[in-house]
Amino acid sequence: MDPVIPHVIHQTWKSQTVPSEFQAFQRSWIDHNPGFAYRFWTDDDIERFVEDEHPALLPVFRGYADPISRVDLARYLILRRFGGVYADLDFECLRPIDGLLERRSFLVGLEPEEHDGLAKAVERGLSRILCPSFLASVPGHPFWDHLLDRLVEARHCPDVLDATGPFLLTRALASYEASHAGGNEGAAAVTVLPPGQLYPVTKDDCWSGRLFDLVFWEQATRDAYAIHYWQGTWFRGDAGRTPRLPDRVTAVVTNDTAALPAASTGAAGRTGDPPLISCLMVTKGGDGGRTDLLSLAIGSFTRQSWPNKELVIVCDAVVRDGDGAEDPLDALVRAAGREDIRLVRVAGPGRTLGELRNIAVDSANGVYVCQWDDDDLYDPLRLEVQHMVLARTGAHACLLGRWLIWWPGLQKLAVSRERYWEGSLLCEKAAMPRYPHLRRGEDTPLVERLRQTMRVVCLDMPRLYTYVVHGANTFATDHFDEHWQTAACRFTGDRYEALLREMAKRLPIDDVRRHGRAMARPGPASDSHPPSDRTGRAPAVPASSTGAFRKAKVLVLTPVKDARSHLPRYMRLLDRLDHDPGCLSLGFLESDSVDGTHPWLAERVPALRDRYRRVTLLRRDYGFHPEGPRWLPAVQRTRREILARSRNRLLQGALDDEDWVLWLDVDLVHYPPDLLGRLLAAGRDIVTPHCVLPSGSSFDLNSFALEPDGERPDHMIDGLFQPPRGVGRRYLDSFPDDSAVPLDGVGGTALLVRADLHREGLCFPPYSHRGYIETEGLAAMAKDMGVTCWGLPGVKIVHADR
């Protein structure tokens, strides 16, 4: 049996005090790989290790003039001795890496092709560059000794890159492969990964600030297990650790004929203090559950990098009196404890939003005013970037041409279409027209007036502003549905989660999610888990919430055995689905039946083909007729192996051009007509509802989230984890208040899978894959592919009693 790469992660730094900007990257390796051990090495640890383990190399180790060479040598020696994974501290893990390590004995990644054209690589005639920032190997891999020989030979090279770094590594592998021609396989093999898996971005992408563009980041990291930020602290010093503005931005100036604003031109040319920017917030206060949103908007202001600013909060809500409790808004302002935050109370409610905005402008002390809504999120660089663009273009006003729109309740994120987004306005106060006295839409006429009479710059940097759709916005739900449909980019499922993790580095994303229940509910269209009645049947969601998905092409697949008595009800439930039948295809695989299941289906195929898009009926007997109940542990391995083979054969024979595959049990007794729409609306690549018995208790014990301690080896029977019910696993009935839950295992009672995942190799393993088989094995395999399975506790379907 070939050796395996140990599940241990090694990282190094000068001391135990890791710089704050690297701590999140460090945690990412631990968080994404909970089954891995973690070992941290300081310079002192490395020195002792070399002294104890490799005294013959001490003269080489201590002879290096540059400390990074000693770190390079140390990483090679550590992996040669212990094996495992080494990652630089400026490397961020994006998803679990265990699948990357399987069946491999040595891993190294290629730098981006753009690096091949850099001067030093061209001078040395290198056509590719291997990077030592991420390495993984088994202990004692033969390449290490080959590399160390080359390293000793190169110890006097003046350039670190040649002495111990990427160029040495690249040359050493070339000579290793030449000396092992035809034999570089198995335990001796070295696997070279393409740049997209470990090094998806270039040095210039990082150093120029291009990664600030979320769309670019998302596209670059789709296939990546990790991302290297090329901080280069060993040669760039603190410059490599200082956040910077993007070098290049896209901005369009309108109305070039307008006179240049004196204030803006002067601000651009002054060398003294930056001009004061007044951020203007109009709010109704903390009533209606908006206190949390207000707090986040105030926090966005305090985190702005622009040093000279004030926040003017205008509120016309009646102050609470008589109950002794402090008004929520007063409490927020007091808790902030800042002189640059002012609260302006307007006596008497009833004023329009336009009137209140004019009061805010009149109360501002700044040279510039900036609209600052009380329920949105703002990047810390918003004021700095917008003012920089405004000043450099000599404009009166700056608006964003695109921004982010986030639906936390629906778990959707979009980059908007292009337009002048009024809420992003930063404008010279002297140039501001008056807002019309409108209760909503008051800023649209004002922006149109600015565009007609003033010099306005439109900046394309969506990350500066995140509009939060929470259900109590000024506009109704259908207004935002239109924005979703017309968005430039839309993200759901795993890419949605990846983007939120990236945004959370700069915005309080987790706070919005945590406080979501205190906000106004998004309304029926975004309520994915209505309360169920005592029968376990979930009330149907109004059609408006799922109608947008009725045209998706879906293949419904059902393996059947001795199902004759269940099939009439199965067909009735299928017929009640509110999905367009012209977009539904059906597939059945019958095996080992003795009750006439196959003739019953074959007789009805012509009628089914008249109603549905396509119908496939397959047959395959396996000769499996166990004695006793099918759920006994002793027969699970054989039963589920055959079921996995049936599912894979059915998938292979029935899948055509469909977008989704819905695996559906034949013995369900109830599901709501909008089941498919609700699963699609969840926006997940793999999703399953909560399958219960008629009594209301959970039926599907294959859908579970593992407890932190994971599975216990003593619960493995026939190579499969089969713990007693509830031991180490939490089922969907454990999450009654959650709309969606990440799962470690899934069942097949109703399982929706994006069809492209199946096309890319996701199947139902008919063998033990990490201790799991069939649908649970599919979940483990999906995790290896970087895809999370999700359960919807509030979407309930009912299974027949055993």
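The structure we're discussing is the one just above.
Residues numbered from 1 in each chain as written. Predicted model: local features only at pLDDT ≥ 70, side-chain atom pairs only at ≥ 80, totals over all residues. Heavy atoms only, no water.

An account of the side chain of Asp 667 is needed here, citing residue identities and associated values.
Checked against the element boundaries, Asp 667 lands in the loop between strand 25 (660-664) and strand 26 (668-670). Only 3.0 Å separates the side chain of Asp 667 from the side chain of His 799, close enough to count as a polar contact. (Helix = DSSP H or I, 4+ residues; strand = E, 2+ residues; numbered from the N terminus. Polar contact = N/O pair within 3.5 Å; in protein donor to acceptor, adjacent residues only side chain to side chain.)

Tell me what's going on with helix 1 (residues 20-32), and back it up with residues and numbers.
A rise of 1.5 Å per residue sets the reference length of helix 1, with its 13 residues, at 18 Å; its end C-alpha atoms lie 19 Å apart and thus fit the reference within 8%. For helix 1, the complete set of buried residues consists of Phe 22, Phe 25, Gln 26, Ser 28, Trp 29 and His 32. The buried residues of helix 1 occupy one face: seen down the axis, they fall within an arc of 145°. Opposite its buried face, helix 1 presents the exposed residues Ser 20 and Asp 31, each directed more than 90 degrees away. (Expected span 1.5 Å × (residues − 1). Buried < 20%, exposed > 50% of the residue type's maximum accessible area, 1.4 Å probe, protein only. Arc of directions from axis to C-beta.)

I'd like to hear about the sheet that holds strand 21 (residues 489-491), residue by residue, with values.
Adjacent strands of a sheet form backbone hydrogen bonds with each other and so pair up, either parallel or antiparallel. The five strands are arranged 14-20-16-17-21 in an open sheet whose pairing can be described as mixed. At either margin of the open sheet sits one strand with a lone partner, and together these are strand 14 (377-378) and strand 21. Bridge analysis of strand 16 (residues 404-407) against strand 17 (residues 412-415) gives four bridges, and the strand direction is antiparallel. Looking at the pairing, Ile 405 lines up with Ala 414 of strand 17. (Pairing = 2+ DSSP bridges.)

Tell me about the packing of helix 15 (residues 291-302) against helix 16 (residues 328-336), and please be specific about residues and values.
Axes are the key here: two packed helices are described by the angle between their axes and the distance separating the axes. It is at 10 Å that the axes of helix 15 and helix 16 come closest, and there the two elements cross at 30°. The angle between helix 15 and helix 16 places the two elements in the roughly parallel class. Crossing geometry of helix 15 relative to helix 16 is assigned as right-handed. Contacts between helix 15 and helix 16 involve Thr 291, Leu 294, Ser 295 and Ile 298 on the former and, on the latter, Pro 328, Leu 329 and Leu 332. Among the residues forming the contact of helix 15 with helix 16, the class breakdown is five nonpolar, two polar and no charged. (Axes fitted to C-alpha atoms, helices over the stretch in contact; angles between N-to-C directions. Parallel < 35°, antiparallel > 145°, perpendicular 65-115°, else oblique. Left-handed = near helix turned anticlockwise from the far one by under 90°. Contact = heavy atoms within 4.5 Å. Nonpolar A, V, L, I, M, F, W, Y, C, P; charged D, E, K, R; others polar.)

So what's going on with the packing of helix 23 (residues 567-576) against helix 24 (residues 597-611)? Which residues, and what values?
Where helix 23 meets helix 24, the closest approach of the two axes is 12 Å, and the angle between their N-to-C directions is 20°. The angle between helix 23 and helix 24 places the two elements in the roughly parallel class. In this structure, the crossing between helix 23 and helix 24 has a hand that is right-handed. In contact with Leu 567, Pro 568, Met 571 and Asp 575 of helix 23, helix 24 contributes Thr 597, Trp 600, Leu 601, Leu 608 and Arg 611. Class assignment for the residues of the contact of helix 23 with helix 24 results in six nonpolar, one polar and two charged.

A description of helix 17 (residues 353-363) should follow, citing residues and the corresponding values.
Burial within helix 17 is extensive, with eight of its 11 residues counted as buried. If you check which residues of helix 17 are buried, you get Leu 353, Gly 354, Leu 356, Arg 357, Asn 358, Ala 360, Val 361 and Ser 363. Buried residues belonging to helix 17 abut strand 10 (277-283), strand 11 (309-315), strand 12 (341-345) and strand 13 (368-371).

Could you give an account of empty space enclosed by the protein, with specific residues and numbers?
Inspection of every chain in the model, using the stated rule, returns three cavities of 30 Å³ or more. Taken as a whole, the second largest cavity encloses approximately 80 Å³ of empty space. Taken together, Leu 280, Val 282, Arg 357, Ala 360, Val 361, Val 369, Cys 370, Gln 371, Leu 425, Met 432 and Tyr 435 form the lining of the second largest cavity. Within the residue set of the lining of the second largest cavity, elements represented by two or more residues are strand 10, helix 17 and strand 13. Of the residues contributing to the lining of the second largest cavity, the split by class is nine nonpolar, one polar and one charged. (1 Å grid on protein atoms, 1.4 Å probe; cavity = no way out; pocket = protein on both sides within 12 Å on 5 of 7 lines; lining within 4 Å. Points joined across faces, edges and corners; volume = space filled by probe spheres on them.)

Residues and numbers for the sheet that holds strand 11, please.
Spatial ordering of the open sheet is given by 9-19-15-18-13-10-11-12, a layout of eight strands whose pairing is mixed. With partners counted over all chains shown, the strands left at the sheet margins are strand 9 (250-254) and strand 12, one partner each. For this sheet, the mean angle separating the axes of adjacent strands, direction not counted, is 20°. Docked against the sheet, helix 17 engages strand 10, strand 11, strand 12 and strand 13, running at close to 150° with respect to strand 10. Its contacts with the sheet place helix 19 (residues 443-453) against strand 13, strand 15 (397-400), strand 18 (421-428) and strand 19 (456-460), and it is angled at close to 50° to strand 18.

Outline the environment of Trp 29, listing residues and values.
Summarising the element assignment, Trp 29 is placed in helix 1. Taking the C-alpha atoms as reference, Trp 29 lies 7.1 Å from Glu 92; in sequence the two are 63 residues apart. With residues near it in sequence (within four places) discarded, Trp 29 still touches Ile 9, Gln 11, Ala 87, Phe 91, Glu 92, Cys 93, Ile 97, Phe 134 and Ala 226.

Summarise the pattern of salt bridges; cite the residues concerned and give the values.
Using the criterion set out here, one finds 57 salt bridges in the structure. Among the ionic pairs, Glu 177 bridges to Arg 128, the shortest N-O distance being 3.8 Å. In this pair, Glu 177 is assigned in helix 9 (residues 166-179) and Arg 128 in the loop between helix 6 (119-123) and strand 6 (130-137), connecting sequence segments 49 residues apart. In this structure, Glu 153 and Arg 150 form a salt bridge, with 2.9 Å as the shortest nitrogen-oxygen distance. Of the two residues, Glu 153 and Arg 150 are both situated in helix 7 (residues 142-153); the distance of three residues between them amounts to about one turn of the helix. Classification of Arg 150 by relative accessible area gives partly exposed; the value is 23%. Within this structure, Lys 120, Glu 123, Arg 124, Asp 159, Asp 162 and Arg 171 form a network of salt bridges that share partners. (Salt bridge = Lys/Arg side-chain N within 4 Å of Asp/Glu carboxyl O.)

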